[in-house]
Amino acid sequence: MNRQPIAVALRGLRQTLLGPDAPVERPLLARWPGPARYAAPVGLLAALGLFLITLTVESEWGLPTPVAVLFAAMTVAPLLALPRRPLLAWRLTVLALLICTFNAPADQAWPWTPPLTLGSIAVLAVVVARVDRPVLAWVVLISTVPVLTLVHPDNRVPVLLLVGALSIVGDLIRRNRVSRHALAAQAELSEREQERRGVLEERTRIARELHDVVAHHMSLIAVQAETAPYRLTDVPAPAAAEFVAIAASARDALTDMRRLLGVLRSETSGPQTAPQPDLTDLGAMVDAARRAGLPVTLDAEPVEDDRVPAPVGLAAYRIVQEGLANAARHAAGAAVRVTVRVGPSNLGVRVENSPTDVRPTADGGSGHGLTGMRERATSLGGTFTAGPLPDGGYAVAAELPYDAEGGDR
């Protein structure tokens, strides 16, 4: 015999009668902070008014004053607990429905006062939308006990139909709320995963480009070391052996680097043999952007040979390239200004576009542009900022430090 349904039912009964209350994810008026500020005093005034109305009805039915005050308090108490403790409010409601029936005159078919009846419906509607199905089943079952035992037979069927309709609607509301919360959590998780994947992809691309740059210089070192004994005259034997050792170390370093970074290349992309761009290629890129219809102005000083290291020049080129792509995508028709300044020990790059009324294109890009530019700057120990300008435009700026004495040697 499968005892799991029985265990679930018993746990639901224990949760219904003795368990902790259902948590309230968000207050009812959280979307409107203005009205929510007055919710507590207004609720207290409404509870006081309901208490006085119930007390008046109880007094008209001829109950003693202490009993009328007790019954009125039992009518109001569930509504006071409802915003924070819905399940506790339901327990107090059931207790009130069982106790506060003796105040009804004998000639009346309905055993409860109108405030208690309407308040019980409100409490039941909130509770069934908060609890899970095992607890919901027990809440509905126990709520029918006062109906079956105290309500006149002519009124039982409509009341039971009302309770059933409230339970179905409440269950649908709860499931919809749970689904929306799960969807929001999944969307947030997917967004974080996409951002993390974008960072990894950009780091992989940077590593591949850095490998190509370093491999080029290491190859030059190996070639120069191997050919030094033939290009130089009267090289002593120890010096020639040292050149051979340098060349061997350079080639070993190249082999280890290719082996280590080979996993970073995708299976579909072969080795990248084209020379990597640098600051001298900015003019050609800007000309291509102008031919594509993007009004670009380049403000860059001539750069001395070997003054800016190759990795820094490559990062600056990629940042300008991505900045122009973002401007074309999100600010079509806006004037763009590219500024490159070479300092004593750092390279400043800034891409700024003027305000525009044109909306971004529908695709919106992959969303990794800013992430990639930031990763390129931080990988070199630099800084990166991006954000709107006071006049409505947008700008990205990077500071890329380098060793002015060492150059790219």
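Computed from a prediction, not measured in an experiment: that's the story for all the values here.

1. Focus: the overall build of the protein chain
Step number 1: When helices and strands are counted, the protein chain shows twelve helices and five strands.
Step number 2: For the protein chain, the residues scored as buried account for 35% of the 409 residues in total.
Step number 3: The long-range share in the protein chain, meaning contacts at least 24 apart out of those at least 6 apart in sequence, stands at 71%.
Step number 4: Accessible surface for the protein chain amounts to roughly 24300 Å². Of this, 62% is attributable to carbon and sulfur atoms.

2. Observations concerning empty space enclosed by the protein
Step number 1: As enumerated under the stated definition, the model contains one cavity of 30 Å³ or more in all.
Step number 2: Approximately 40 Å³ is the volume attributed to the largest cavity.
Step number 3: Surrounding the largest cavity, Thr75, Pro78, Leu79, Thr93, Pro115, Leu116, Gly119, Ser120 and Val123 form its lining.
Step number 4: Elements that contribute at least two residues to the lining of the largest cavity include exactly α4 (65-81) and α6 (114-128).
Step number 5: Element by element, the count of residues in the lining of the largest cavity is highest for α6, at five residues.
Step number 6: A class-by-class count of the residues in the lining of the largest cavity yields five nonpolar, four polar and no charged.

3. Here's the deal with the packing of helix α10 (residues 282-291) against helix α11 (residues 310-330)
Step number 1: Between α10 and α11, whose axes approach to 11 Å, the crossing angle comes to 10°. On the basis of the axis angle, α10 is roughly parallel to α11. Contact residues: Leu282, Met285 and Ala289 in α10; Tyr317, Val320, Gln321 and Leu324 in α11.
Step number 2: Considered class by class, the residues forming the contact of α10 with α11 number six nonpolar, one polar and no charged.

4. Observations regarding helix α7 (residues 133-150)
Step number 1: Along its 18 residues, α7 runs 26 Å from first to last C-alpha, staying within 8% of the 26 Å computed at 1.5 Å per residue.
Step number 2: Along α7, the residues that are buried comprise Val135, Leu136, Val139, Val140, Ile142, Ser143, Thr144, Pro146 and Val147.

5. Comments concerning the sheet that holds strand β3 (residues 346-353)
Step number 1: Taking strand neighbours across the sheet as the criterion, the five strands line up as β1-β2-β3-β5-β4 in an open arrangement whose pairing is mixed. The outermost strands of the open sheet, each flanked by one partner alone, are β1 (296-300) and β4 (383-388). Between one strand axis and the next, the sheet turns by 10° as a mean value, whatever way the strands run.
Step number 2: One ladder, built from five bridges, connects β1 with strand β2 (residues 336-342); its direction is parallel. Among the inter-strand pairings, Thr297 is bridged to a residue of β2, identified as Arg337.
Step number 3: Lying over the sheet, α11 contacts β1, β2, β3 and β5 (394-401), oriented at roughly 5° with respect to β3.

6. Some remarks on the confidence of the model for the protein chain
Step number 1: Per-residue confidence for the protein chain gives a mean pLDDT of 77, with 78% of residues at or over 70.
Step number 2: Note that residues 360-367 has pLDDT below 50 and, in this model, eight contacts with residues that lie over four places away or in other chains.

7. Quick notes on the pairing of β3
Step number 1: Across seven bridges, β2 lies against β3 in antiparallel orientation. When the bridges of β3 are listed, Arg337 appears paired with Glu352.
Step number 2: Linking β2 to β3, which pair antiparallel, is a turn of three residues.
Step number 3: As judged from the eight bridges shared by β3 and β5, these two strands associate in the antiparallel manner. Note on β5: the bridge partner recorded for Gly348 is Glu399.

8. Thoughts on the pairing of β4
Step number 1: Sheet analysis places β4 next to β5, joined by six bridges and oriented antiparallel. What sits directly across from Ala386, in β5, is Val396.
Step number 2: Connecting β4 to the next strand, β5, in antiparallel fashion are five residues, including Gly392 with a positive phi near 105°.

9. Considering the nonpolar core
Step number 1: One finds Val296, Val320, Leu324, Leu347 and Leu400 to be the most contacted residues of the largest nonpolar core, which totals 30 residues.
Step number 2: Among the secondary structure elements, those contributing two or more residues to this core are α10, α11, β2, β3, α12 (369-379) and β5.
Step number 3: Looking at this core, the element that brings in the most residues is α11, giving eight residues.
Step number 4: If we ignore the near neighbours within four places in the chain, the residues touching Leu324 are Met285, Ala289, Leu294, Val296, Val336, Val338 and Val351.
Step number 5: Counting residues in hydrophobic clusters, the runner-up holds 28 residues, among them Leu87, Trp90, Val123 and Val151.

10. Quick word on the environment of Val131
Step number 1: Tracing the backbone shows Val131 in the loop between α6 and α7.
Step number 2: Along the sequence, Val131 and Gln15 sit 116 residues apart, while their C-alpha atoms lie 9.9 Å from each other.

So, how was this worked out
- Residues numbered from 1 in each chain as written.
- Predicted model: local features only at pLDDT ≥ 70, side-chain atom pairs only at ≥ 80, totals over all residues.
- Heavy atoms only, no water.
- Helix = DSSP H or I, 4+ residues; strand = E, 2+ residues; numbered from the N terminus.
- Buried < 20%, exposed > 50% of the residue type's maximum accessible area, 1.4 Å probe, protein only.
- Contact = heavy atoms within 4.5 Å.
- Areas by Shrake-Rupley, 256 points an atom, 1.4 Å probe, with all protein chains shown as cover.
- 1 Å grid on protein atoms, 1.4 Å probe; cavity = no way out; pocket = protein on both sides within 12 Å on 5 of 7 lines; lining within 4 Å.
- Points joined across faces, edges and corners; volume = space filled by probe spheres on them.
- Nonpolar A, V, L, I, M, F, W, Y, C, P; charged D, E, K, R; others polar.
- Axes fitted to C-alpha atoms, helices over the stretch in contact; angles between N-to-C directions.
- Parallel < 35°, antiparallel > 145°, perpendicular 65-115°, else oblique.
- Expected span 1.5 Å × (residues − 1).
- Pairing = 2+ DSSP bridges.
- pLDDT = per-residue confidence, 0-100.
- Core = buried A, V, L, I, M, F, W, Y, C linked by side-chain atoms within 4.5 Å.

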